[in-house]
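Residue-level structure breakdown
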Amino acid sequence: MPDWFGDPVAIDNYVSATEDAAFGSLLAVGTAGVVGIALTRRHFREAAELHLIAVDPTQRGSGVGRALVEHVVDTLRTDGCTLLSVHTVGPSFEHEPYAQTRAFYRSVGFTPLEEHDGLDWSGPTLILVRSVGGATSGS
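How each quantity is defined
- Residues numbered from 1 in each chain as written.
- Predicted model: local features only at pLDDT ≥ 70, side-chain atom pairs only at ≥ 80, totals over all residues.
- Heavy atoms only, no water.
- Helix = DSSP H or I, 4+ residues; strand = E, 2+ residues; numbered from the N terminus.
- Expected span 1.5 Å × (residues − 1).
- Buried < 20%, exposed > 50% of the residue type's maximum accessible area, 1.4 Å probe, protein only.
- Contact = heavy atoms within 4.5 Å.
- Pairing = 2+ DSSP bridges.
- Right-handed = clockwise from strand over helix to strand, strands pointing away.
- Salt bridge = Lys/Arg side-chain N within 4 Å of Asp/Glu carboxyl O.

Some details on helix H2 (residues 64-78)
Over its 15 residues, H2 extends 21 Å from the first C-alpha to the last, a length consistent with the 21 Å expected when each residue adds 1.5 Å. Those residues of H2 that sit buried are Val64, Gly65, Leu68, Val69, Val72, Val73 and Leu76. Against the buried residues of H2 lie strand E1 (23-30), strand E2 (33-44), strand E3 (47-55), strand E4 (83-89), helix H3 (96-107) and strand E6 (124-131). Gly80 sits one or two residues past H2 and shows a positive phi near 85°.

Below, the structure is given as C-alpha cells:
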C-alpha cells in the first residue's frame, strides 16, 4: 500500500505500536489470512483514537474497513467511551489516495474537525471525530 504507507519511519512506528500495551489491536482475517488491521489508543476514559486502519488493497470495497471501524466503536461504547478520533492527511494536500481515505472516514460516520500543519508530519493533518454513543458521566 505504498500510496498510503510509503514512509519507512511511519511504518516502523505502526509496527512498534502493535507491540505496545497502550494500543488495542484488531485483525480482520479472511480465508487467505489477515486482510485488515486496526490499532486504537485510549487517551481518556471518554475518548480514543483510531491510530491505524489498513485493509489489503484486494479487499477494498468489500466491507472489511467498515467492519473494523464498527467493531472498534462497539467495543469502545461498551467500555464507556463517547468519542473516537482519527488523523489523516488533510485536504489541502492534494493526493487522490488520501481523498479516498477521507471519503471512507466520512462514510463510516466521522466528521472533519480541524486541519493542522506539522502535527503528524510536515504537511497538513486532518482530525476527524465520530460519536461512539456511550453514556456520559459528567466528570
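Thoughts on the pairing of E4
Across the seven residues of E4, five count as buried, placing the element largely inside the fold. Note: E3 against E4, four bridges, orientation parallel. Paired with Glu49 across the bridge in E4 is Ser85. Following the chain from E3 across H2 to the adjacent parallel E4, one finds a crossover that is right-handed. Across seven bridges, E4 lies against E6 in antiparallel orientation. Residue pairing for E6: Leu84 is matched across the bridge by Arg130.

A look at the pattern of salt bridges
Applying the stated rule across the entire model yields three salt bridges. The residue Asp79 makes a salt bridge to Arg42 at a minimum N-O spacing of 2.8 Å. A residue pair is termed long-range when its members are at least 10 positions apart, and Asp79 in the loop between H2 and E4 and Arg42 in strand E2 qualify at 37 residues. Exposure remark for Asp79: the relative accessible area of 46% places this residue in the partly exposed category. Among the ionic pairs, Asp74 bridges to Arg77, the shortest N-O distance being 2.9 Å. Residue Asp74 and its partner Arg77 are located together in helix H2, separated by three residues, close to a single helical turn. Overall, the relative accessible area of 33% leaves Arg77 in the partly exposed class.

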